[in-house]
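# What the coordinates show
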There are 2 protein chains.
Amino acid sequence: MAGRKVLIVYAHQEPKSLNGSLKRVAVEELSKQGCSVTVSDLYAMQFEPRATRNDIVGCLHNPEEFNYGVETWEAYKRGDLSNDLIEEQKKVQEADLMIFQFPLYWFSMPAIMKGWMDRVLVQGFAHEFPNCYDSGLLKNKLALFSFTTGGSKEMYAKGGISGDIRYLLWPIQHGIMHFCGVKVLAPHICFAPEYVSEEKRKEMLIAWAQRLKGLWKEEPINCSPEWYFK
Amino acid sequence: MAGRKVLIVYAHQEPKSLNGSLKRVAVEELSKQGCSVTVSDLYAMQFEPRATRNDIVGCLHNPEEFNYGVETWEAYKRGDLSNDLIEEQKKVQEADLMIFQFPLYWFSMPAIMKGWMDRVLVQGFAHEFPNCYDSGLLKNKLALFSFTTGGSKEMYAKGGISGDIRYLLWPIQHGIMHFCGVKVLAPHICFAPEYVSEEKRKEMLIAWAQRLKGLWKEEPINCSPEWYFK
């Protein structure tokens with residue numbers, strides 16, 4: 001789909017990792033389709049995950065009692081967010097699709113990527129009551145979570161020791177993306193790549209490239225409790 | 001329960017916030033009981049949330065391809081983790097109970113606290129296959145997640161727009177604490193304190209102090225899918 005814009009938010013320390021390869025495959029395949037692809041390589045950027053007063057340039061709305069949510073909302077309206085946040089928001093604004101590529105850390109994304117969510121998706125930009133969930137401010141965009149796990153597919157099955165993998169997708173797909181109005185494509189999961197052969201890891205890369213070829217024809221999931229917990 | 005050791009891991013930027021007050025109430029009440037209380041005030045410590053090569057002192061096990069999980073595991077065994085991690089691990093090791101006090105950010109903990117989980121609970125220290133879940137290396141410890149929300153209790157009810165609040169506790173209570181063998185006490189949740197009166201916020205502090213008085217008699221929850229999703 002020539003002309004579509006894709007933002008890949010990528011969180012792995014090692015370019016030679018499977019996550020690094022999955023990211024490269026996505027850049028190559030989507031570029032080949034004529035998409036314009038931007039990558040936020042969070043570790044390489046030394047992206048700041050901490051939500052602090054430094055995110056607001058100049059004076060505070062209420063210097064007596066610091067409230068991060070209120071201050072970033074006010075700063076957004078004044079155009080006074082820190083430059084790194086303005087840069088990321090521009091990339092989000094332009095994107096038709098956001099791909100989040102990361103290794104699962106503790107049933108969730110690594111802190112550096114959680115910090116991207118905490119700091120970039122501020123009120124006024126990504127949501128503003130009552131504009132949340134289906135009417136969130138980032139509607140008409142798509143998101144896809146692509147990640148690797150330590151545990152096996154069997155551990156992450158219903159009845160498995162770690163529970164259905166969908167359980168842990170609720171906070172990130174529904175709680176973050178759906179809240180901002182973003183529609184969610186099915187996740188792309190590579191289970192336990194550290195415990196399989198080099199051959200199998202290559203197959204994982206091929207499967208990802210293959211999926212990306214048909215990506216623009218995919219329908220978003222029905223992001224409701226039924227998808228996650230039924 | 002005189003003599004018990006409590007670690008409070010606290011993530012709020014503003015001492016005057018309700019989270020700040022909840023933390024102070026816990027320190028006061030538990031100290032009054034004769035407990036020894038330690039606080040990790042993550043923002044004040046400027047705690048590093050990013051999992052990087054800096055967490056390993058000296059040479060890497062495999063300098064050709066950086067694998068954070070493997071490197072921190074090896075560094076733990078050699079005693080070569082960075083000092084900030086060794087300090088936090090000592091506090092965890094000594095604690096009978098860990099209380100995590102934070103405002104809910106995006107259906108989860110703030111990135112600075114997620115970084116504490118990512119970096120402190122390394123393999124070898126908190127878990128080491130097959131010592132996970134009920135036989136995790138931190139067994140005989142208790143954890144309690146105490147947090148404030150933006151959304152109301154009605155939004156976080158079953159059938160509410162944000163779903164049962166228990167859905168989002170799965171990754172943090174089961175995926176992190178239970179995985180390390182830690183038993184989990186019922187969460188303590190203050191819903192939407194920003195939208196209630198000063199009087200109601202005072203009641204929230206009193207209720208927390210009241211709960212802490214009987215805390216050592218509480219039974220842990222049954223941390224299984226039924227608790228979260230039934």
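Residues numbered from 1 in each chain as written. Chains lettered and ligands numbered in written order. Predicted model: local features only at pLDDT ≥ 70, side-chain atom pairs only at ≥ 80, totals over all residues. Heavy atoms only, no water.

### A look at the environment of A:M117
Locating A:M117 in the fold gives a position in helix α4 (residues 111-120). The spacing of A:M117 and A:P49 is 68 residues in sequence and 8.8 Å in space, taken between C-alpha atoms. (Helix = DSSP H or I, 4+ residues; strand = E, 2+ residues; numbered from the N terminus.)

### Quick word on the interface of chain B and chain A
In this complex, chain B contributes 48 residues to the contact, which on the side of chain A involves 48 residues. Counting each side, the surface lost to burial between chain B and chain A is near 4000 Å², with a carbon and sulfur contribution of 63%. Looking only at chain B, the three residues that lose the most surface to chain A are B:R50, B:W106 and B:F107, adding up to 20% of its buried area. Across the chain B-chain A interface, the total number found is 24 residue pairs in polar contact (both at pLDDT 80 or more). Sorting the residues of the side of chain B that touches chain A by element identifies α2 (68-78), α4 (111-120) and α5 (165-177) of chain B as the ones contributing at least two each. Counting residues per element, the side of chain B that touches chain A draws most heavily on α5(B), which supplies 7 residues. Partitioned by chemical class, the residues of the side of chain B that touches chain A number 26 nonpolar, 13 polar and 9 charged. (Contact = heavy atoms within 4.5 Å. Buried area = accessible area lost by both parts, 1.4 Å probe. Polar contact = N/O pair within 3.5 Å; in protein donor to acceptor, adjacent residues only side chain to side chain. Nonpolar A, V, L, I, M, F, W, Y, C, P; charged D, E, K, R; others polar.)

### Some words on the relation of the copies chain B and chain A
Between chain B and chain A, which share one sequence, the superposing operator has a rotation angle of 180° and an axial displacement of 0.0 Å; the RMSD is 0.0 Å. Such a combination of rotation and displacement between the chain copies is what one expects of a two-fold axis. Looking at the rotation axis and the C-alpha trace of chain B, the residue lying nearest is B:A111, at 2.5 Å. Comparing interface residues between copies, 100% of those in chain B also lie at the interface in chain A; the contact surface is shared. (Least-squares fit on C-alpha atoms with pLDDT ≥ 70 in both.)

### A few points about the packing of α4(A) against α4(B)
One way to put it is that α4(A) packs onto α4(B) with a least axis distance of 8 Å and a crossing angle of 170°. Judged on the interaxial angle alone, α4(B) and α4(A) are roughly antiparallel. Residues A:A111, A:K114, A:G115 and A:D118 of α4(A) form the contact with α4(B), whose own contacting residues are B:A111, B:K114, B:G115 and B:D118. In terms of residue class, the contact of α4(A) with α4(B) is made up of 2 nonpolar, 2 polar and 4 charged. (Axes fitted to C-alpha atoms, helices over the stretch in contact; angles between N-to-C directions. Parallel < 35°, antiparallel > 145°, perpendicular 65-115°, else oblique.)

### Remarks on the pattern of salt bridges
Residue and element names in this part refer to chain A. Counted under the stated rule, the structure contains 26 salt bridges over all chains. Between K91 and E88 there is a salt bridge whose closest N-O contact spans 2.7 Å. Placement of both K91 and E88 in helix α3 (residues 83-94) is noted, with a separation of 3 residues, approximately one turn of the helix. When salt bridges that share partners are traced, they join E29, K32 and K213 into one network. (Salt bridge = Lys/Arg side-chain N within 4 Å of Asp/Glu carboxyl O.)

### A look at the side chain of A:H188
Residues and elements named next belong to chain A. Within the secondary structure, H188 is located in strand β6 (residues 188-190). Residue class for H188 comes out buried when judged on its relative accessible area of 13%. In this structure the side chain of H188 is engaged in a polar contact, spanning 3.4 Å, whose partner is the side chain of R211. If near-sequence neighbours (up to four positions away) are discounted, H188 is found in contact with L144, F145, S146, F147, A207, W208 and R211. (Buried < 20%, exposed > 50% of the residue type's maximum accessible area, 1.4 Å probe, protein only.)

### What about the UniProt feature "domain: Flavodoxin-like fold" (unreviewed entry) in chain A?
Mapped onto the present numbering, the UniProt feature "domain: Flavodoxin-like fold" (unreviewed entry) falls on residues 5-212 of chain A. Note that residues 5-212 of chain A is 37% helix and 15% strand, and that its end C-alpha atoms are spaced 14 Å apart. (UniProt positions renumbered as here; feature names shortened; annotations may be inferred.)

### Remarks on helix α5 (residues 165-177) of chain A
Residues and elements named next belong to chain A. Between its terminal C-alpha atoms α5 stretches 17 Å, which fits the 18 Å expected from 13 residues at 1.5 Å a residue. With 12 of 13 residues buried, α5 is to be regarded as a mostly interior element. For α5, the complete set of buried residues consists of I165, Y167, L168, L169, W170, P171, I172, Q173, H174, G175, I176 and M177. For α5, the N-terminal cap is D164; the gap from its side-chain oxygen to the backbone nitrogen of R166 is 2.9 Å. (Expected span 1.5 Å × (residues − 1).)

### Brief notes about the packing of aromatic side chains
Applying the stated criterion to the full structure yields 37 aromatic pairs over all chains. Considering the side-chain rings of A:F100 and A:W116, the 5.6 Å spacing of their centres and the 70° angle between planes classify their relative orientation as edge-to-face. With A:F100 in strand β3 (residues 97-103) and A:W116 in helix α4, this pair connects stretches of sequence that are 16 residues apart. Residue classification places A:W116 among the buried positions, given a relative accessible area of 0%. Here a set of aromatic residues connected by ring pairs shows up, and it is made of A:Y167, A:W170, A:W227, A:Y228, A:F229, B:Y167, B:W170, B:W227, B:Y228 and B:F229. The ring of A:Y10 has A:K23 sitting right over it, with the charged end atom 4.8 Å from the ring centre. (Phe/Tyr/Trp six-rings, centres within 6.5 Å; stacked < 30°, edge-to-face > 60°. Lys NZ or Arg CZ within 6 Å of the ring centre and 35° of its normal.)

### Side note on the pairing of strand β3 (residues 97-103) of chain B
Consecutive residues of a regular strand have side chains that alternate between opposite faces of the sheet. Residues and elements named next belong to chain B. With 7 of 7 residues buried, β3 is to be regarded as a mostly interior element. Burial along β3 is two-sided: the residues L97, I99, Q101 and P103 and M98, F100 and F102 are all buried. Here β3 runs beside strand β4 (residues 142-148); their pairing, made up of 7 bridges, is parallel. Residue pairing in the sheet places I99 in a bridge with L144 of β4. (Pairing = 2+ DSSP bridges.)

### So, the nonpolar core
In terms of nonpolar packing, the biggest core is built from 116 residues, with A:W116 and B:W116 touching the most fellow members. Among residues more than four places away in sequence, those in contact with B:W116 are B:L7, B:V9, B:L42, B:F47, B:E88, B:V92, B:M98, B:F100 and B:L121. (Core = buried A, V, L, I, M, F, W, Y, C linked by side-chain atoms within 4.5 Å.)

### Overview of unusual backbone geometry
Here the residue pair A:F129 and A:P130 is connected by a cis peptide bond, since its omega of 5° sits within 30 degrees of zero. Turning to its location among the elements, A:P130 is positioned in the loop between α4 and β4 (142-148). For A:N140, which is not glycine, the phi dihedral falls at a positive 75°. Within the secondary structure, A:N140 sits in the loop between α4 and β4. Look at B:W106: it is not a glycine, yet its phi comes out positive at around 50°. Its place among the elements puts B:W106 in the loop between β3 and α4.

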